[in-house]
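Chain residues, written in single-letter form:
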Protein chains: 2
Amino acid sequence: MLKLYYAPHTCALATHIALEEAGAKYETVRMSFKAEDQKKPDYLKINPKARVPSLVTDRGIITETPAILAYIAQTFPAAKLAPVGDPYAFARVQAFNSYLCSTVHVAHAHRMRGVRWADEPEAHLAMQRKVPHSVGECFALIEREMFEGPWVMGKDYTVCDGYLYTLAQWLDGDGVDINRTPKIAEHFRCVGERPAVRKAVEEETRELQSAA
Amino acid sequence: MLKLYYAPHTCALATHIALEEAGAKYETVRMSFKAEDQKKPDYLKINPKARVPSLVTDRGIITETPAILAYIAQTFPAAKLAPVGDPYAFARVQAFNSYLCSTVHVAHAHRMRGVRWADEPEAHLAMQRKVPHSVGECFALIEREMFEGPWVMGKDYTVCDGYLYTLAQWLDGDGVDINRTPKIAEHFRCVGERPAVRKAVEEETRELQSAA
């Protein structure tokens, strides 16, 4: 059975949502970033990058959200979570996910993970100050140039939608008003109402409350 | 025919190499980052992110290196540039490329693109100071945990190899001695000797010289 290692409030939610949307049989392992579970030896054997998500399959372990989302879409084709039979349409899905991973998530990460890229506290503060601008610009670009509507890729829901929803959850903390991008704001509401998304979010929240 | 927009010394070389390895028919358009070609209105119509690479296909435009590399592998299956028929093996290729894109390239980008994440010159200097460490840690992790040998994924050359080669070209400028990772150093030499790689590199260099 598939096993997902995740931590609450991280991009691992995108994988959690995709597994639910796919109707996959899976179990979850909740990690605590506060307790630095991701840096413990047992977890480093699973993912030496000390990050989440990690998806354990019967063949081995997959990391990196765009790779995992494509894998879920390919191995649960009946769920139609990506146009896996059309290389061009699939590439558009992948390009969107890669942008979220390498640009949007990275812009956001400068709020709390500045130590990755500089040692001085003053530099971390400088990074934090720019997050509302850099993340805001990313979402403005998505709204203006990438978002087809009603779903990211147009008429069909794909793995891109759960991933965008996951990152949009962070906007408030990043100092970005989601209503400046009204199409993404409406998308956020629609995705949040999907049963699969509610189930994934509630499971992560419930475990968090019981652990508190 | 496929058309690749690239700029010298950028990650677009990974796509250029993949097109050569695939035996694709394509043309190239050289952009100058010095002249800020990527920010000009005509190019923003092609790629509103103002980045390279962009690959123009007969269906539309694809951006983001991991997405483009997967597309080339899928549309030129005879070149066997990725295990496109095996979702798990393909996911491993994609996870590697995603790590290069979202972590390694991002670490490197803090040397010259700090303005993306902070406004203060002191913060940019702080970022630059950490690049040898952060990029060096990424390559140490690749050497130790990801690199199968003789190619990245093991016995078969894949799109991962040209991508790793492309980013390894930057190590010297990033203040990282490639010989600290001997497997990657040897890989860099082997990839550099491949006819497709030499052709792509020479074309980018030649056009650069003729433009000088």
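Residues numbered from 1 in each chain as written. Chains lettered and ligands numbered in written order. Predicted model: local features only at pLDDT ≥ 70, side-chain atom pairs only at ≥ 80, totals over all residues. Heavy atoms only, no water.

Draft legend 1. A look at the side chain of His124(A). As for its position among the elements, His124(A) is in helix H5 (residues 121–146). Every residue in contact with His124(A), bar those within four places of it in the chain, is listed here: His110(A), Gly114(A), Val115(A), Ala118(A) and Asp119(A). (Helix = DSSP H or I, 4+ residues; strand = E, 2+ residues; numbered from the N terminus. Contact = heavy atoms within 4.5 Å.)

Draft legend 2. Representation of the relation of the copies chain A and chain B. Overlay of chain A on chain B (RMSD 0.0 Å): rotation 180°, translation along the axis 0.0 Å. What we have between these two chains is a two-fold relation. Comparing interface residues between copies, 100% of those in chain A also sit at the interface in chain B, which points to an isologous, same-surface contact. (Least-squares fit on C-alpha atoms with pLDDT ≥ 70 in both.)

Draft legend 3. Geometry of empty space enclosed by the protein. Tallied over the full model, the rule gives three cavities of 30 Å³ or more. Estimated volume of the largest cavity: approximately 90 Å³. As for the largest cavity, its lining consists of Pro66(A), Ala67(A), Gln94(A), Ser98(A), Cys101(A), Ser102(A), Pro66(B), Ala67(B), Gln94(B), Ser98(B), Cys101(B) and Ser102(B). Counting only elements with at least two residues in the lining of the largest cavity, the list comes to helix H3 (65–75) and helix H4 (87–109) of chain A together with helix H3 (65–75) and helix H4 (87–109) of chain B. Looking at the lining of the largest cavity residue by residue, the classes come out as six nonpolar, six polar and no charged. Roughly 40 Å³ of internal volume is contained in the second largest cavity. Around the second largest cavity, the lining residues are Ala14(B), Ile17(B), Ala18(B), Glu21(B), Leu69(B), Leu81(B), Tyr157(B), Thr158(B), Val159(B), Gly162(B) and Tyr163(B). Sorting the residues of the lining of the second largest cavity by element identifies helix H1 (12–22) and helix H6 (159–168) of chain B as the ones contributing at least two each. In terms of residues, the lining of the second largest cavity owes the most to one element, H1(B), which gives four residues. Within the lining of the second largest cavity, the residues separate by chemical class into eight nonpolar, two polar and one charged. (1 Å grid on protein atoms, 1.4 Å probe; cavity = no way out; pocket = protein on both sides within 12 Å on 5 of 7 lines; lining within 4 Å. Points joined across faces, edges and corners; volume = space filled by probe spheres on them. Nonpolar A, V, L, I, M, F, W, Y, C, P; charged D, E, K, R; others polar.)

Draft legend 4. A look at the pairing of strand S2 (residues 26–30) of chain A. All names here are of chain A. For strand S1 (residues 2–6) and S2, the ladder comprises five bridges, and the chain directions are parallel. What sits directly across from Lys3, in S2, is Glu27. The β-α-β motif built from S1, the intervening helix H1 (residues 12–22) and the parallel element S2 has right-handed crossover chirality. (Pairing = 2+ DSSP bridges. Right-handed = clockwise from strand over helix to strand, strands pointing away.)

Draft legend 5. Structural view of the pattern of salt bridges. Enumeration over the complete set of coordinates arrives at 30 salt bridges over all chains. Note that Glu145(A) and Arg144(A) form a salt bridge whose closest N and O atoms lie 3.4 Å from each other. Residue class for Glu145(A) comes out partly exposed when judged on its relative accessible area of 43%. Residue classification places Arg144(A) among the exposed residues on the basis of a relative accessible area of 56%. Between Arg189(B) and Glu186(B) there is a salt bridge whose closest N-O contact spans 3.2 Å. Placement of both Arg189(B) and Glu186(B) in helix H7 (residues 182–192) is noted, with a separation of three residues, approximately one turn of the helix. (Salt bridge = Lys/Arg side-chain N within 4 Å of Asp/Glu carboxyl O. Buried < 20%, exposed > 50% of the residue type's maximum accessible area, 1.4 Å probe, protein only.)

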